[in-house]
Amino acid sequence: MKVKNKNISNYNRAISNATILELPFVYFIGIGGIGMSAIARYFYENKKQVAGYDKSSTKITGSLEKLGIKIHYEDAVGNIPSSFLEKEKTLVVYTPAISKNMEFRYFSENNYTVLKRAEILGKITENTYCLAVAGTHGKTTVSSILGHIMKQVNATSFLGGITENYNSNLIFGGNKISVVEADEFDGSFLKLKPNIACITSIDEDHLDYYKNSAALKESYIEFSKKVSRTLVVAKGVPIKGITYSASEEADYMALNLKFDKDKYVFDLQTPLKFIKNIELSLLGVHNVENALAAIALADIYGIYLENIKQSLSTFKGLKRRFSFKIKTNNFVLIDDYAHHPTEIKVLENSLRKMFPDDKILAVFQPHLYSRTRDFVDDFALALGKFDEVLLLDIYPAREEPIPNVSSKILLDKIKLKNKKLVQKSSLIINIKSSTAKVVAVFGAGDIDQTVDNITSKLLKSYK
């Protein structure tokens, strides 16, 4: 007998967290998402049977399939492995980034245990000592650095990016300590109950959900109230907490900062101690800020500062975070995840400091119609700081097109002579026709799937 979707929550509440986490089969709708795939890996490592659906094959889905996880790319109930159709044995996890498709409707209408990604992450971590990282910018880098530090105490870390050290968005450890990237989209981070947490920034974003900056700030305040022990905040964030800064006086400060042979070296002042010569092999002063946030969280937890220092010296960074794909004397290609005007400004500023005398070409794929609409003037201003811009069509993700919102409208607002709207198929020829020595390819859509092809083609020309 079919039931309406409103009964799902009542049915799920009747099942204890322990029972949900003990179900032997876990099926993911949108398994290729960066957050979803980390949870899929977690259940796989815990010896569950895992399978799922996504719209298209990617590097992430490919890596899951190599583990033996069955994934299909056509939305059809008939494609679901039969063992995952046993209601009493199956947990279904979905992401709002995938529209509520036929498979979702089947599971929900037939009263399976169906949970949103944020809900299952909350259930996994609520009986652990949880360290959570929230914020509009920097949370993936902070949580990844923190996860690397906390590996020494066997923490399990759920990350929003692929780390170079582990080639994964999951650092699998024990079930007593967790590190979580706390996503503010649709209030997801309010499902968490962290012991220690950090807020890196509360710049406007996701206004399709929050509607205005006041609502966004209120959500962060509500998140801060869920922190049971200590809240850490970047200096300037208007919420009370332990502060950190690389440029101002704060509870955790970077002093005597210098750049030496592709790494930053700085001294650290904490509320109680001073330690010299911390090394960080990440580019950009903003990453020193990110490291300070991770240091503060780990120090408050109780990791010795000398052990934190050692971990930082071995952290290799994240894929798609200022990643050099080509670096020769004649040509530089960088891949980055920047998709918000503030992040684009930071990227451009970092590139100018590294390559002060060189022309820089930006290749940008806007992410979401709503974000493009809400920040079109800010995007235009940030992109206008580059020497040239190649602009791709908007990547829609979970959204339907919005009238009068397009990359062409954004392009018209960019105050540059050398700007052009292009398709992925013509990127290589347009890059080659530019005289720019430095090319930055960035965005949060599927542009990452194009970067490797661009790299291999351009390597032949710029050896």
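Located above this text is the structure these notes cover.
For every chain, the first residue of its written sequence is number 1, and the numbers climb from 1 along that sequence. Reporting in this predicted model follows two pLDDT cut-offs: at least 70 for local features of residues, and 80 or more for side-chain atom pairs to be given and counted; totals over whole chains, interfaces and linings ignore these cut-offs and use all residues. Working from all heavy atoms in the structure, the side-chain values ignore hydrogens and water.

Undergrad: Sorry if this is basic, but what is going on with the sheet that holds strand β5 (residues 113-116) here?
TA: By way of backbone hydrogen bonds, the strands of a sheet pair with one another, either parallel or antiparallel. Strands are treated as partners if at least two bridges between them are detected by DSSP. Helix numbers and strand numbers start at the N terminus; a helix is a DSSP run of H or I with at least 4 residues, a strand a run of E with at least 2. Strand order in the open sheet formed by five strands is β3-β2-β1-β4-β5, and the pairing between neighbours is parallel. Both edges of this open sheet fall to β3 (70-72) and β5, since each of them pairs with a single strand only. On average, each strand axis in the sheet is tilted by 20° relative to the strand beside it, whichever way the strands run. Relative to strand β2 (residues 49-53), strand β1 (residues 25-29) is paired through five bridges, and the arrangement is parallel. Within β2, the position partnered with F28 by the bridge is G52. A contact between two residues is defined here by any heavy atoms of the two lying within 4.5 Å. For helices, the axis comes from a line fit to the C-alpha atoms of the stretch in contact; other axes are also lines fit to C-alpha atoms, and the angle between any two N-to-C directions lies between 0 and 180 degrees. Packed onto the sheet, helix α3 (residues 34-45) meets β1, β2 and β4 (90-94) and runs at close to 170° relative to β1.

Undergrad: What should I look at first to understand the packing of aromatic side chains in this one?
TA: Centre distance and the angle of the planes are the two values used to describe a pair of aromatic rings. The criterion for an aromatic pair is that two Phe, Tyr or Trp rings (for Trp, the six-membered ring) have centres within 6.5 Å, with stacked assigned to planes under 30 degrees apart, edge-to-face to planes over 60 apart and tilted to the rest. Applying the stated criterion across every chain yields a total of 18 aromatic pairs. Residues F189 and F223 carry aromatic rings whose centres are separated by 4.8 Å and whose planes lie at 5° to one another, so their mutual orientation is stacked. On the criterion of sequence distance, the pair formed by F189 in the loop between β9 (177-181) and β10 (196-199) and F223 in helix α9 (residues 213-225) is long-range, its members being 34 residues apart. Here F189 and F223 have matching classes, each one buried. Chaining the aromatic ring pairs together yields one cluster made of F25, Y27, F84, Y106, F107 and Y112. For a ring to carry a charge above it, either NZ of a lysine or CZ of an arginine must fall within 6 Å of the ring centroid while also lying within 35 degrees of the normal to the ring plane. Directly above the aromatic system of F324 lies the positively charged group of K327, at a separation of 4.5 Å from the ring centroid. Buried, partly exposed and exposed residues are distinguished by accessible area as a fraction of the type maximum, computed with a 1.4 Å probe on protein chains only: under 20%, between the cut-offs, and over 50%, respectively.

Undergrad: What is the right way to read α9 from this model?
TA: One turn of the α-helix equals 3.6 residues, which is why residues spaced by three or four share an orientation. The end-to-end C-alpha separation of α9 is 19 Å, in line with the 18 Å expected for 13 residues at 1.5 Å each. Regarding α9, the residues found buried are L216, S219, Y220, F223 and S224. On an axial view of α9, the arc spanned by its buried residues comes to 145°, and they lie on one face. For α9, exposure combined with an orientation more than 90 degrees from the buried face picks out A214 and K225. Take the residue count of a helix, subtract one, and multiply by 1.5 Å to get its expected span. Comment: arc refers to directions from the helix axis out to C-beta atoms.

Undergrad: What am I meant to see in the nonpolar core here?
TA: One recurring pattern in soluble globular proteins is that nonpolar side chains are buried together. Take the buried residues of types Ala, Val, Leu, Ile, Met, Phe, Trp, Tyr and Cys, join any two whose side-chain atoms come within 4.5 Å, and each joined set is a nonpolar core. Core analysis: the largest hydrophobic core is formed by 81 residues, its most contacted members being F28, F43 and I295. Among the elements that take part in this core, helix α10 (residues 285-301) stands out by supplying 10 residues, more than any other. Discounting residues that sit within four places of it in the chain, F43 has contacts with L21, V26, F28, K48, V50, L91, I120 and I124. In this structure, V332, A362, L411 and L416 belong to the second largest nonpolar core, which totals 28 residues.

Undergrad: Would you mind going over the pairing of strand β15 (residues 274-280) with me for this structure?
TA: Regular strands show a simple pattern: their side chains alternate between the two faces of the sheet. Alignment of strand β14 (residues 264-269) against β15, held across five bridges, turns out to be antiparallel. When the bridges of β15 are listed, L268 appears paired with I275. Turn length for the β14-β15 hairpin, with the two strands adjacent in sequence and antiparallel, is four residues.

Undergrad: I'm lost on the state of the cysteines in this one. Help?
TA: Such a bond, covalent and formed between the sulfur atoms of two cysteines, is termed a disulfide. Throughout, disulfides are identified as pairs of cysteine sulfur atoms within 2.5 Å of each other. Scanning the entire structure with this criterion turns up zero disulfides. Take C130: it sits in no disulfide, and the sulfur closest to it among the cysteines is that of C198, at 13 Å. By relative accessible area, C130 is classed as buried at 0%. By relative accessible area, C198 is classed as buried at 0%.

Undergrad: How do you make sense of the sheet that holds β15 when you look at a structure like this?
TA: Ordered in space as β8-β7-β9-β6-β10-β11-β12-β13-β14-β15, the 10 strands form an open sheet in which the pairing is mixed. For this open sheet the edge positions go to β8 (170-171) and β15, each flanked by a neighbour on one side alone. Of the strand pairs in this sheet, β10 and strand β11 (residues 230-234) are connected by four bridges, and their pairing is parallel. When the sheet's bridge partners are listed, I199 is paired in β11 with V233. Packed on one face of the sheet, α9 meets β6 (129-134), β10 and β11 and runs near 160° to β10.

Undergrad: I tried to follow the pairing of β11 on my own but got confused; where do I start?
TA: Of all five residues making up β11, five are buried, and the element is well covered by its neighbours. On β11, burial covers both faces: T230, V232 and A234 on one face and L231 and V233 on the other are all buried. For β11 and strand β12 (residues 242-245), the ladder comprises three bridges, and the chain directions are parallel. Across the sheet, residue V232 finds its bridge partner in β12, namely I242.

Undergrad: Just checking my understanding: could you explain the packing of α3 against helix α6 (residues 117-125) for this structure?
TA: Where α3 meets α6, the closest approach of the two axes is 11 Å, and the angle between their N-to-C directions is 40°. Regarding the angle of α3 to α6, the classification is oblique. Two packed elements cross with a definite hand, and for α3 against α6 that hand is left-handed. Facing α3, whose interface residues are G35, M36, I39, Y42 and F43, α6 presents R117, I120, L121 and I124. Taken together, the residues of the contact of α3 with α6 break down into seven nonpolar, one polar and one charged. For classification purposes, an angle smaller than 35 degrees is called roughly parallel, one larger than 145 roughly antiparallel, one from 65 to 115 roughly perpendicular, and anything else oblique. Left-handed describes a crossing in which the near helix is turned anticlockwise from the far one by less than a right angle; the clockwise case is right-handed. Residues are grouped as follows: Ala, Val, Leu, Ile, Met, Phe, Trp, Tyr, Cys and Pro are nonpolar; Asp, Glu, Lys and Arg are charged; all remaining types, including Gly, are polar.

Undergrad: For this particular structure, what's the right way to read helix α17 (residues 448-459)?
TA: The end-to-end C-alpha distance of α17, which contains 12 residues, comes to 17 Å, matching closely the 16 Å that a straight helix rising 1.5 Å per residue would cover. Considered for burial, the residues of α17 that qualify are T450, V451, I454, T455 and L458. Looking straight down α17, one finds that the buried residues subtend no more than 140° of arc, so they occupy a single side. For α17, the elements touching its buried residues are β16 (323-327), β17 (332-336), α16 (427-433) and β21 (438-443).

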